[in-house]
Amino acid sequence: MKTYFSAIVLFFVITQCGYAQAKASPAEDLSDSSRALQFQIANNFQLTSFQGTVFSYKHHINKEAALRFGLSISFGGSNSDNTTDGFSIPADSLFQHNLGNIDNKNRSFQLSAQLIRYFNPGAKLLLYGGAGPFLLYDYTYAKSESVDKINYQGPTNAPLKTSSENKGSRWSPGIMGVLGVEWFAAKGISLTAEYGMQVSYTWGKTESKSVGYSSINSLTSKQDGWNLGASSVKFGLSLYFL
């Protein structure tokens, strides 16, 4: 479905570029209320998220400045049950019956915003830069249980149970700066190339617990620290609308 959507959008862009007439300077393509949806051009010309899986949106304050917003949300989970039967002869013939369950959950979101300013409004190749905050949160949870039942285990004949549980969460607020160029290929359609850097402070907590046949172990750890990094240059497509 993503491939078909990308092909349709790219076909629209090529068509518009092919039939576009000579037009005025790119600055006239921008108004005080220009709005755009933004996509990243990935390998094989597929369109992906520019700075948010849910949406990447730009709204102009005026021809020289705009606000950009990106939102990413992810929820997932899985649960599986399994049964294993076997027969072994360590000393006596024993019939083994194992029941297992695995449960996984994960969720995350990222919200970002930047104030963008154009340094040379009116030029054919627009140079822009900007900065703004972002916030990232993610949570993971995994639990597994196993019950071994054999035909002879002494007087109690109790099943042998083992389990493990792991969960972790992480918060990461920060500031992202971007620098890029934008070129209008046709009315309402522009191509961008953008480079970014970000600084963030991250803190998180992980907890793990395991229960064996004759032991219980638990571990809790906390992490925090500063991060400074740069992103590779990404190419984008902006579709402007009224």
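As the structure is a prediction and not an experimental result, all values here were calculated from the model. (Residues numbered from 1 in each chain as written. Predicted model: local features only at pLDDT ≥ 70, side-chain atom pairs only at ≥ 80, totals over all residues. Heavy atoms only, no water.)

Can you break down the pattern of salt bridges residue by residue, with the values?
Within this structure, the stated rule accounts for six salt bridges. Of the charged contacts in the structure, one is a salt bridge between Glu64 and Arg117, with a shortest N-O distance of 4.0 Å. Of this pair, Glu64 sits in the loop between strand 3 (55–62) and strand 4 (65–88) while Arg117 sits in strand 5 (residues 94–118), and the two are 53 residues apart along the sequence. By relative accessible area, which is 43% here, Arg117 ends up partly exposed. Among the ionic pairs, Asp103 bridges to Lys105, the shortest N-O distance being 2.8 Å. (Salt bridge = Lys/Arg side-chain N within 4 Å of Asp/Glu carboxyl O. Helix = DSSP H or I, 4+ residues; strand = E, 2+ residues; numbered from the N terminus. Buried < 20%, exposed > 50% of the residue type's maximum accessible area, 1.4 Å probe, protein only.)

Quick rundown of the nonpolar core? Include the residues and the values.
Counting 11 residues, the largest nonpolar core consists of Leu30, Ala36, Ile116, Tyr118, Leu126, Tyr128, Phe134, Met176, Val178, Phe184 and Tyr240. Those elements giving two or more residues to this core turn out to be strand 5, strand 6 (126–150) and strand 7 (160–186). Other than its neighbours up to four places away in sequence, Tyr118 contacts Leu30, Lys58, His60, Lys63, Glu64, Ala65, Leu126, Leu127, Tyr128, Glu182 and Tyr240. (Core = buried A, V, L, I, M, F, W, Y, C linked by side-chain atoms within 4.5 Å. Contact = heavy atoms within 4.5 Å.)

Could you give an account of the pairing of strand 1 (residues 35–41), naming the residues involved and the relevant values?
Bridge analysis of strand 1 against strand 3 gives three bridges, and the strand direction is antiparallel. Paired with Leu37 across the two strands is Tyr57, which belongs to strand 3. The sheet contact formed by strand 1 and strand 9 (residues 216–241) spans six bridges and is antiparallel. Bridge pairing in strand 9 links Phe39 to Leu237. Inspection of the sheet shows strand 1 paired to strand 2 (residues 47–49) by three bridges, in the antiparallel sense. Its bridge partner being in strand 2, Gln40 is matched across the sheet by Thr48. (Pairing = 2+ DSSP bridges.)

Lay out the pairing of strand 9 with the relevant residues and their values.
Sheet analysis places strand 8 (residues 189–211) next to strand 9, joined by 22 bridges and oriented antiparallel. Considered in strand 9, the bridge of Val211 is made with Ile216. Following strand 8, the chain reverses through four residues before pairing antiparallel with strand 9.

Which residues make up the environment of Thr202, and what values do they have?
Locating Thr202 in the fold gives a position in strand 8. Distance in space between the C-alpha atoms of Thr202 and Gln223 is 7.8 Å, their sequence separation being 21 residues. Sequence-distant contacts of Thr202, that is, excluding residues within four places in its chain, are made with Arg170, Trp171, Ser172, Gln223, Asp224, Gly225 and Asn227.

Which residues make up a nonpolar patch on the surface, and what values go with them?
Taken together, the side chains of Val54, Phe55, Ile61, Leu67, Phe69, Ile73, Phe75, Phe109, Leu111, Leu115, Trp171 and Trp203 make up a nonpolar region of the molecular surface, amounting to roughly 1,100 Å² of accessible area. Looking at the nonpolar patch, the elements that each hand over two or more residues are strand 3, strand 4 and strand 5. Considering each element in turn, the nonpolar patch owes the most residues, four residues, to strand 4. Tracing the backbone through its elements, the reader meets Trp171 in strand 7. Judged by relative accessible area, Trp171 falls into the partly exposed class, the value being 32%. (Patch = residues over 30% accessible without salt bridge, like charges linked within 9 Å, V, L, I, M, F, W, Y side chains within 5 Å. Areas by Shrake-Rupley, 256 points an atom, 1.4 Å probe, with all protein chains shown as cover.)

Give a description of the packing of aromatic side chains that names residues and reports values.
Following the criterion strictly, the structure yields seven aromatic pairs and no others. With a centroid separation of 5.3 Å and an interplanar angle of 35°, the aromatic rings of Phe184 and Tyr240 are classed as tilted. One end of the pair, Phe184, is in strand 7; the other, Tyr240, is in strand 9, with 56 residues separating them in the sequence. Per residue, the accessibility class of Phe184 equals that of Tyr240, and both read buried. Judged by centre distance (5.9 Å) and plane angle (40°), the rings of Tyr201 and Trp203 are tilted. Classification of Trp203 by relative accessible area gives partly exposed; the value is 38%. Through successive ring pairs, a cluster of aromatic residues spans Phe109, Tyr137 and Trp171. Across the ring face of Phe50, the terminal group of Lys234 is positioned such that the distance to the ring centre comes to 4.4 Å. (Phe/Tyr/Trp six-rings, centres within 6.5 Å; stacked < 30°, edge-to-face > 60°. Lys NZ or Arg CZ within 6 Å of the ring centre and 35° of its normal.)

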